[in-house]
Amino acid sequence: MDETRSARVTRSDVRQALMWALERDRAALLAHRAAVHSSKSDLTRRRADKALVEQWRARRPDTGQDASPRE
């Protein structure tokens, strides 16, 4: 897949992804929370943030993907 979007995850992206997960994907929210709270490492937090943002981007309605949670 040819991805033109920057790989960098901004605070705004993380905030929007968290709000999306809070409303639509509890499992993604809990997985992010567990990863972030289980480690004090900044690297762990950045990886968890990036994973959540990637899920959010892939499942936003404006991307043409299914916006409902996958269970």
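Residues numbered from 1 in each chain as written. Predicted model: local features only at pLDDT ≥ 70, side-chain atom pairs only at ≥ 80, totals over all residues. Heavy atoms only, no water.

1. Points about helix H2 (residues 26-38)
As a reminder, the rule being used: A helix here means a DSSP run of H or I that spans at least four residues, while a strand means a run of E at least two residues long, and both kinds are numbered starting from the N terminus. For a helix, the expected span equals 1.5 Å multiplied by the residue count minus one. Partly exposed describes any residue whose relative accessible area lies between the buried limit of under 20% and the exposed limit of over 50%, with all areas from a 1.4 Å probe on protein chains only and scaled to the type maximum. Picture the helix axis, draw a direction to every C-beta atom, and the arc is the one those directions span. Throughout, a contact is declared for two residues whenever any of their heavy atoms are within 4.5 Å.
With 13 residues, H2 extends 18 Å from end C-alpha to end C-alpha; this agrees with the ideal 18 Å at 1.5 Å per step. Listed as buried for H2 are Ala28, His32 and Val36. An end-on view of H2 places all buried positions within 60° of arc, on one side of the element. Counted as exposed and oriented over 90 degrees from the buried face of H2: Arg26, Ala27, Arg33, His37 and Ser38. The elements touched by buried residues of H2 are helix H1 (11-24) and helix H3 (42-59).

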